[in-house]
Amino acid sequence: MERIPPGTDEVAPLRELGAVIDSIDFAAAGRWMHEFIRELYPICRSITGDGLRATLRAIAHQVPLEIREVPSGTSVFDWTVPKEWNIREAWVKDPSGRKVIDFARSNLQVVNYSVPVHTTMPLADLRSHLHTLPDRPDWIPYRTSYYRETWGFCLPHRELAELQEGDYEVLIDASLRDGALSYGELVLPGRRGEEILLSCHACHPSLANDNLSGIAVTTQLARLLTGIRREYTYRFLWIPGTIGAITWLALNEANASRVAHGLVVACVGDPGRFHYKKTRRGDATIDRAVVQALRDLGWDLEVRGFSPYGYDERQYGSPGFNLAVGSLTRTPHGRYPEYHTSADDLELVRGSALAESLRAYLEVFRILEEDRCYLNRNPKCEPQLGKRGLYRAIGGLADAGRQELAMLWVLNQSDGTHSLLEIAERSGLPFPAIVQAARTLRNHDLLEEAPRRGEA
Ligand code: ZN
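A brief report on the enclosed structure follows. These figures come from a predicted structure and were not determined experimentally.

So, how was this worked out
- Residues numbered from 1 in each chain as written.
- Predicted model: local features only at pLDDT ≥ 70, side-chain atom pairs only at ≥ 80, totals over all residues.
- Heavy atoms only, no water.
- Helix = DSSP H or I, 4+ residues; strand = E, 2+ residues; numbered from the N terminus.
- Buried < 20%, exposed > 50% of the residue type's maximum accessible area, 1.4 Å probe, protein only.
- Contact = heavy atoms within 4.5 Å.
- Areas by Shrake-Rupley, 256 points an atom, 1.4 Å probe, with all protein chains shown as cover.
- Lys, Arg positive; Asp, Glu negative; His and termini not counted.
- Charge placed at Lys NZ, Arg CZ, Asp CG, Glu CD.
- Donors = N, O, S within 2.8 Å, 3.2 Å for Na, K, Ca; no water.
- Pairing = 2+ DSSP bridges.
- Axes fitted to C-alpha atoms, helices over the stretch in contact; angles between N-to-C directions.
- Salt bridge = Lys/Arg side-chain N within 4 Å of Asp/Glu carboxyl O.
- Polar contact = N/O pair within 3.5 Å; in protein donor to acceptor, adjacent residues only side chain to side chain.

A short note on the overall build of the chain
For the chain, the helix and strand inventory stands at 13 helices and 19 strands. If one aligns the C-alpha atoms of the chain with their principal axes, the spans along those axes are about 95 × 45 × 40 Å. Relative to its 456 residues, the chain shows a buried fraction of 57%. Across the chain, contacts joining residues at least 24 apart in sequence account for 82% of those joining residues at least 6 apart. As displayed, the chain has an accessible area near 19700 Å², and 47% of this comes from carbon and sulfur atoms. Here the chain contributes 53 positively and 60 negatively charged side chains, and the mean placements of these two sets differ by 5 Å.

And the structure:
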């Protein structure tokens with residue numbers, strides 16, 4: 001697939017994120033992300049193996065990520081990096097020799113991480129290895145057996161019902177051997193060493209919303225953030241779910257506390273409304289930035305508290321780390337009927353929904369990038385804005401204009417302890433209006449940046 005055209009000229013001074021957001025053609029970005037999902041969709045991914053590697057290489061074609069390989073058997077806290085799984089072929093033939101289940105038709109047809117097998121058995125015995133969804137008889141379920149050595153197949157319930165008694169030949173030509181766990185990592189350095197972590201699982205086979213949508217949105221984000229002037233360092237991880245996050249944390253334990261804010265990116269391609277799962281802390285800056293960003297966009301957002309079930313936020317938020325990592329999704333995992341079935345396909349994800357998700361994430365980053373505390377340089381009573389041309393000449397109107405109100409809020413709250421995000425929350429004004437007011441006041445020498453905590 002073609003590389004997307006560079007967002008910036010390397011020679012030109014780097015632009016601010018706000019200016020980049022304003023110049024993005026979101027419809028085109030949505031089409032690009034959907035096309036990227038289409039490219040990755042056929043690959044049989046797993047928590048290890050060549051499908052995962054091929055996916056990381058496709059991302060590496062777009063952004064300069066490092067592909068890391070951690071050997072099987074490596075101890076990572078209470079876990080061990082598993083053997084590497086690769087599959088070439090898998091099928092079931094009925095008594096007449098016809099393939100009734102075939103990995104070549106859909107990679108969901110084999111239980112992911114199945115051990116190799118080649119045998120013949122009666123249908124009665126085969127049944128315990130077959131998985132279907134009786135409620136959704138036309139869909140193939142997605143099943144895995146990562147940490148238990150077994151094998152199995154998945155098929156539409158309607159097709160199971162049609163199988164005749166008799167002997168079935170079963171083949172899974174797969175290997176489960178010592179190898180490596182692969183993951184992708186990209187670091188975009190910022191002015192500060194503090195990091196924003198974007199973590200995306202990349203281990204599901206042909207499933208579009210969970211988790212190719214996350215891969216497409218994070219790849220596009222990485223591409224866009226490459227060309228901006230960054231306050232924060234951005235760290236992107238494309239990892240196998242659970243074991244990948246555990247592995248990364250084990251290998252990076254000493255530096256994990258650099259993560260100041262983080263989001264787990266998944267299920268961002270369906271047209272359902274946005275959901276945010278808070279960090280374990282519950283009141284972290286990222287928790288507030290997400291709410292503010294969606295409010296500024298005027299988009300519906302359901303906020304849920306942290307729970308130790310879901311995606312990798314539960315590893316980052318384990319008590320030994322307690323990193324401020326939440327998860328911003330559309331419809332969350334398990335809450336849409338197509339979840340973990342063959343119906344989570346290229347039709348379920350939409351370019352427009354992907355583009356909105358991209359926008360939401362960028363607005364969150366805009367807040368994190370621009371949030372800071374200021375000091376009012378004229379703190380004793382209000383400065384006279386009118387003589388500086390900052391206040392309209394005609395008095396007596398019932399309401400101040402929004403920009404005037406934003407300036408009054410910023411001046412009043414800027415004692416070095418209230419950040420622009422807090423002022424936006426408290427005033428009910430949009431964050432960009434507060435930023436604009438602060439910029440205007442700085443230009444008139446009425447405001448100066450307060451030393452950041454720890455820097456004073
Ligand atoms: Zn999943």
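Examining the coordination of the zinc ion
Every protein donor of the zinc ion is accounted for by His-204 (NE2), Asp-210 (OD) and His-340 (NE2), and the metal-donor separations fall at 2.0 to 2.1 Å. Mapped onto the sequence, the donors of the zinc ion take the spacing H-x5-D-x129-H. Highlighted residues: Asp-210 in helix H6 (residues 208–226) and His-340 in the loop between strand E16 (325–329) and helix H10 (351–370), separated in sequence by 130 residues. On the accessibility criterion, Asp-210 (0% relative accessible area) is buried.

Focus on the sheet that holds strand E4 (residues 84–93)
Spatially, E5-E4-E9-E6 is the arrangement adopted by the 4 strands of the open sheet, whose pairing is antiparallel. On the outer flanks of this sheet lie strand E5 (99–102) and strand E6 (117–122), each paired with one strand and no other. Averaged over all pairs of adjacent strands, the angle between strand axes in this sheet comes to 15°, irrespective of strand direction. Here 9 bridges tie E4 to strand E9 (residues 167–177), and the two strands are oriented antiparallel to one another. When the bridges of E9 are listed, Ala-90 appears paired with Ile-172.

Brief notes about the pattern of salt bridges
A full pass over the atoms with the stated rule returns 32 salt bridges. The salt bridge partner of Asp-173 is Arg-88, with a shortest N-O separation of 3.3 Å. In this pair, Asp-173 sits in strand E9 while Arg-88 sits in strand E4, placing the two residues 85 residues apart along the sequence. The exposure class of Arg-88 is partly exposed, given its relative accessible area of 48%. For Asp-300, the salt bridge identified is with Arg-273, shortest N-O distance 3.4 Å. Taken as a pair, Asp-300 in the loop between helix H8 (285–297) and strand E15 (301–304) and Arg-273 in the loop between strand E13 (259–265) and strand E14 (274–277) lie far apart in primary sequence, 27 residues in all. Overall, the relative accessible area of 40% leaves Arg-273 in the partly exposed class. A cluster of three or more residues bridged by salt bridges with shared partners is formed by Arg-191, Arg-192, Glu-194, Glu-231 and Arg-452.

A look at the environment of Asn-86
Residue position: Asn-86 is located in strand E4. For Asn-86 and Ser-357, which are 271 residues apart along the polypeptide, the C-alpha to C-alpha distance reads 33 Å. Apart from residues no more than four positions distant in its own chain, Asn-86 is found in contact with Gly-49, Asp-50, Ala-174 and Ser-175. Within polar-contact distance, the side chain of Asn-86 engages the side chain of Glu-84 at 3.0 Å.

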